[in-house]
Amino acid sequence: GYDTVTYFADGRPDRQEKDTDGDGKIDMFIHFDPEGNQESMESDSNGDGQIDTRQFFRKDRLYRLEKDEDGNGSMDLVVFYEGGKPIGLEQDRDSDGRFEIRQRFDKPPWSAVMEADLDGDGLAETCAFYKDGVLRRVDAYADGDGSLRYREHFNEQGRLIKREESDKRPGLLNICWFYDQDETPV
């Protein structure tokens, strides 16, 4: 058989099917827009016969990627792109169909900001801030009202140096702990 088959509509490529691993089974489907630009691509990247990766393009530029990382048939990772670079992602870590983790890579001065909404109430319980891949700050929020409970600060090596907390007054950080190089309160 053929490794690649291209289907045409009105004289232009409409879709393409490929066997990328040579096993005789189609494992990649590419769809084109009316101008002939790649619009989307679906693939079976692990050879199990199920589509596990989807990519979406505008004018041949990737703007969204979806992936089924755990193989259960539903997409559990979505990555958003702008100008060819990832700007954010959403992740469903417990396979319940809801994205608990959200990360952004376009929030200066941070190289990444990660929010976790593990209870599914729409409010993040924690927000972690990274600079150059090193955790530099964590904000933790109270369940229900989203008020700031505590904030931890980390140095360039990712060691805890300061913790500000609230003494039951929502959003008011009025207690401060300082830590030595061994992360022991001083």
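A brief look at the structure comes next.

Focus on the overall build of the protein
Tallying secondary structure elements over the protein gives 0 helices and 15 strands in all. A globule of 186 residues ought to have a C-alpha radius of gyration of about 16 Å, yet the protein, at 23 Å, is considerably larger. Seen through its principal axes, the protein has C-alpha atoms that stretch 70 × 30 × 30 Å. Within the protein, the fraction of its 186 residues that count as buried is 33%. At a minimum sequence separation of 6, the contacts of the protein that also span at least 24 residues come to 4%. Split by element, the accessible area of the protein, about 11400 Å² in all, is 47% carbon and sulfur. If you average the places of the 26 positive and of the 45 negative side-chain charges in the protein, the two averages end up 7 Å apart.

Describing the pattern of salt bridges
Applying the stated rule across the entire model yields 14 salt bridges. The salt bridge involving D139 is made with R151; its shortest N-O contact spans 2.7 Å. In this pair, D139 is assigned in strand 12 (residues 134–141) and R151 in strand 13 (residues 148–154), connecting sequence segments 12 residues apart. What you see here is one network of salt bridges that share partners, running through E42, R54, R64 and E66.

Some thoughts on unusual backbone geometry
Glycine aside, negative phi is the norm for most residues, and most peptide bonds take the trans geometry. With an omega dihedral of 10°, the bond running from P108 to P109 counts as a cis peptide bond. Within the secondary structure, P109 is located in the loop between strand 9 (101–104) and strand 10 (112–116). Here the phi dihedral of D60 falls at roughly 65°; this positive angle occurs in a residue that is not glycine. The topology assignment puts D60 in the loop between strand 5 (53–58) and strand 6 (61–67).

A few points about the packing of aromatic side chains
Under the counting rule described, the total for this entry stands at 2 aromatic pairs. Between F56 and Y63, the aromatic rings sit 6.5 Å apart at their centres with planes inclined by 45°, giving tilted as the arrangement. Seen from their ring centres, W110 and F129 are 5.1 Å apart, and the 50° between their planes marks the pair as tilted. Of the two residues, W110 sits in the loop between strand 9 and strand 10 while F129 sits in strand 11 (residues 126–131), which places them 19 residues apart along the sequence.

Describing the state of the cysteines
Should the sulfur atoms of two cysteines be covalently bonded, the bond is a disulfide. The final tally for this structure, using the stated rule, is 0 disulfides. C176 supplies the cysteine sulfur nearest to C127, a cysteine that is in no disulfide, at a spacing of 19 Å. When its relative accessible area of 38% is taken as the criterion, C176 is described as partly exposed.

Observations regarding the environment of K59
Relative to the assigned elements, K59 resides in the loop between strand 5 and strand 6. Beyond its immediate chain neighbours, meaning those up to four positions away, K59 contacts E35 and N37.

Section: a negative patch on the surface
Together, D119, D121, D143 and D145 make up a region of like negative charge exposed at the surface. With respect to the helices, strands and loops of the structure, D119 is situated in the loop between strand 10 and strand 11.

Things to note about the pairing of strand 10
One ladder, built from 4 bridges, connects strand 9 with strand 10; its direction is antiparallel. Along strand 10, the bridge assignment pairs R104 with V113. As judged from the 5 bridges shared by strand 10 and strand 11, these two strands associate in the antiparallel manner. Following the sheet pairing, A116 is matched in strand 11 by T126.

A word on the side chain of T53
As for its position among the elements, T53 is in strand 5. A residue is classified by how much of its surface remains accessible, and T53, at 7% relative accessible area, is buried. Polar contacts involving the side chain of T53 include one to the side chain of K67, which spans 2.9 Å.

The rules behind these values
Each chain carries its own residue numbering, running from 1 in the written order of its sequence. With the structure being a predicted model, the display of local features is reserved for residues of pLDDT at least 70 and the display and counting of side-chain atom pairs for 80 or more, all residues being used for whole-chain, interface and lining totals. Side-chain calculation: all heavy atoms of the structure are included, whereas hydrogens and water are not. Only DSSP runs of H or I with at least four residues qualify as helices, and only runs of E with at least two residues qualify as strands; both kinds are numbered from the N terminus onward. As defined in this context, the radius of gyration uses C-alpha atoms, and a globule is described by 2.2 Å times the residue total to the power 0.38. To sort residues, take the accessible area from a 1.4 Å probe on protein chains only and compare it with the maximum for the residue type: under 20% means buried, over 50% means exposed, and anything in between is partly exposed. Contact definition: two residues touch when any of their heavy atoms are within 4.5 Å. Here the open area of atoms and residues is found with the Shrake-Rupley method and a 1.4 Å probe, where only the protein chains shown may cover a residue. None of His or the chain ends enter the tally, which takes Lys and Arg as positive and Asp and Glu as negative. In this description, the location of a charge corresponds to atom NZ of lysine, CZ of arginine, CG of aspartate or CD of glutamate. Any carboxyl oxygen of Asp or Glu that lies within 4 Å of a side-chain nitrogen of Lys or Arg is treated as forming a salt bridge with it. A pair of Phe, Tyr and Trp rings is counted when the ring centres sit within 6.5 Å of each other, with Trp represented by its six-membered ring. The angle between the planes then sorts it: under 30 degrees is stacked, over 60 is edge-to-face, the rest tilted. By definition, disulfides here are pairs of cysteine sulfur atoms that lie within 2.5 Å. A patch consists of residues whose relative accessible area exceeds 30% and which take part in no salt bridge; residues with like charges are grouped when within 9 Å of each other, and nonpolar side chains (Val, Leu, Ile, Met, Phe, Trp, Tyr) when within 5 Å. The criterion for strand pairing is that DSSP finds at least two bridges linking the strands in question. Counting of polar contacts relies on pairs of N or O atoms within 3.5 Å, with two restrictions inside protein: one atom must be capable of donating a hydrogen and the other of accepting it, and residues adjacent in sequence are counted only when both atoms are side-chain atoms.

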